[in-house]
Amino acid sequence: MTTDNRSTLFSPLTLPTPDGTGLALRNRTILSPMCQYAVNRQDGVATDWHLQHYGAIAAGGFGLLTVESTGVSPVGRISPRDLGIYSDEQETAHWHLVSFIHSQGAAAAIQLNHAGGRASGKPWLPGVQGGSASIEDGGWQAVGMTDQSIAKGYRPTMKLDKAGIKQIISDFTAAAHRADDAGYDAIQIHAAHGYLLHQSLSPLVNTRTDEYGGSFENRSRLIYEVVDAVREAWPNSKPLGIRISATDWVEGGLAIETTAPLMRDLVKHHGINWVDVSSGGLVNTPLQPSGPGFHAILGAQMKQALADTDAVVSVVGGISSPEQAETMLRTHQVDAVSIGRAAMRNPHWSAMAAARLGVPREDNPAAPQYWRAEW
Ligand SMILES: Cc1cc2nc3c(=O)[nH]c(=O)nc-3n(C[C@H](O)[C@H](O)[C@H](O)COP(=O)(O)O)c2cc1C
């Protein structure tokens, strides 16, 4: 517990790394990854939209920005308008994005994803209903752990054989190399929200009978293989993170009692340094909570499970009040907070929060150009 009245939210944080150097963050506000569906030519290349979106949030004082779900392969993208990191042109655009984020004093993480059966979705934009994008609209045949449709409105997937699974693991490896070359400071592996790694882990949808299905050990095999491959490709001087849906909110699905020990093993034995706690997204359920800080309890449970490790635990979900974020940190529920929609509403959320929490003006993380805004 901090014994003075200095803000914990605006105290520095180090994400640990295997080589012991660590990644120093100026504060504990993390931008949660949020798809922008702003790729123009269905080519996975970041555009001016991404630069202004992430640029404003970096200028707004965040410690770490997690760039949205980025496909490790064309078929792994959530929608035709998602970012990718499998071509030279994409890598160059990421490099520009990262350079600007760094110029504002923030660190940059990239969320690497394979959407599995939830790939080739329609971009979540006004007037667009969910489900698979048609082939005419740039959609494709999605691949997954089974040949079932993953959700209402999605086409049946093509079931991955072992060679297909190995290909995905090498796509993650190649993406990690490109992320390093683009200058990213951290990777977040997406194992949440109903995408491929979550589809593999959860008994609610993984009905395979080979070594990738059945027991928890088998269902977690793909996560271990991806984490090990990425850790191998990613420098030991850089932190590796994972976002997990800690529970499916459904009887018989994933629960914190199984996901927390999994994260613990990944931290202790497989080089994970940062766990970002979310939930759900695989199956619809009225039990999925919302409201202020709606995952706080899950975050605290994960933190407790990892208490004797050096991993950083962050939590996402309905955090928009600086005072609530401060309390979560002061009471050691988590080490950092991931801010999603509040950062879209106000890209300068971090600067605003610092002012509200009494951080002296000269220490406010806002860009110097905005000094006279008098936060
Ligand atoms: C427009 C939008 C896009 C999102 N895209 C992603 C994504 O790419 N990856 C991810 O893990 N979560 C994604 N999410 C979920 C957010 O990261 C976050 O977990 C969720 O919005 C809850 O946090 P919040 O209440 O702070 O917004 C998205 C959410 C929104 C609103």
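Heads up: these notes are all about the structure in this document. Predicted model, so just to flag it, every value in this text is computed and none were measured.

### What about helix α1 (residues 48–59)?
Here comes step 1: Taking 1.5 Å of rise per residue, the twelve residues of α1 would be expected to cover 16 Å, and the 16 Å separating its terminal C-alpha atoms lies within 8% of that figure.
Here comes step 2: Within α1 the residues assigned to the buried category are His50, His53, Tyr54, Gly55, Ile57, Ala58 and Ala59.
Here comes step 3: On its buried face, α1 sits against β3 (29–31), β4 (64–71), β5 (83–84), α2 (88–103) and α10 (341–345).

### Focus on the pairing of strand β6 (residues 107–113)
Here comes step 1: The buried fraction of β6 is high, at seven of seven residues.
Here comes step 2: Burial of β6 is two-sided: the residues Ala107, Ala109, Gln111 and Asn113 facing one way and the residues Ala108, Ile110 and Leu112 facing the other way are all buried.
Here comes step 3: Summarising the sheet, β4 and β6 pair through seven bridges and their orientation is parallel. Pairing of Thr70 across the sheet is with Leu112, part of β6.
Here comes step 4: Bridging between β6 and strand β9 (residues 186–191) involves four bridges; their strand directions are parallel. Directly across from Leu112, in β9, lies its bridge partner Ile189.

### Some words on the site of the ligand
Here comes step 1: Around the ligand there are 16 residues in total, and Ser32, Pro33, Gln111, Gly318 and Arg341 lie nearest to it.
Here comes step 2: Measuring from an oxygen atom of the ligand, one finds a side-chain N or O atom of Arg243 at 2.9 Å.
Here comes step 3: Measuring from an oxygen atom of the ligand, one finds a backbone N or O atom of Gly340 at 2.9 Å.
Here comes step 4: Bound to the protein, the ligand loses 82% of the 610 Å² it would expose on its own.
Here comes step 5: Residue composition of the shell around the ligand, grouped by class: six nonpolar, eight polar and two charged.

### Observations concerning the packing of aromatic side chains
Here comes step 1: In total, this model carries one aromatic pair according to the counting rule given.
Here comes step 2: For the ring pair Phe62 and Trp349, a centre distance of 6.3 Å and an interplane angle of 40° mean the geometry is tilted. Taken together, the positions of Phe62 in the loop between α1 and β4 and Trp349 in helix α11 (residues 349–356) put the pair 287 residues apart, joining distant regions of the chain. Here Phe62 matches Trp349 in class, with each residue buried.
Here comes step 3: Its end group placed over the ring of Tyr154, Arg118 keeps NZ or CZ at 5.7 Å from the ring centre.
Here comes step 4: One cation-aromatic arrangement involves Arg361 over Trp371; the distance from NZ or CZ to the ring centre is 3.8 Å.

Calculation notes
Residues numbered from 1 in each chain as written. Predicted model: local features only at pLDDT ≥ 70, side-chain atom pairs only at ≥ 80, totals over all residues. Heavy atoms only, no water. Helix = DSSP H or I, 4+ residues; strand = E, 2+ residues; numbered from the N terminus. Expected span 1.5 Å × (residues − 1). Buried < 20%, exposed > 50% of the residue type's maximum accessible area, 1.4 Å probe, protein only. Contact = heavy atoms within 4.5 Å. Pairing = 2+ DSSP bridges. Near = heavy atom within 4 Å. Polar contact = N/O pair within 3.5 Å; in protein donor to acceptor, adjacent residues only side chain to side chain. Areas by Shrake-Rupley, 256 points an atom, 1.4 Å probe, with all protein chains shown as cover. Nonpolar A, V, L, I, M, F, W, Y, C, P; charged D, E, K, R; others polar. Phe/Tyr/Trp six-rings, centres within 6.5 Å; stacked < 30°, edge-to-face > 60°. Lys NZ or Arg CZ within 6 Å of the ring centre and 35° of its normal.

The quantities given are spatial measurements derived from coordinates; they are silent on function.
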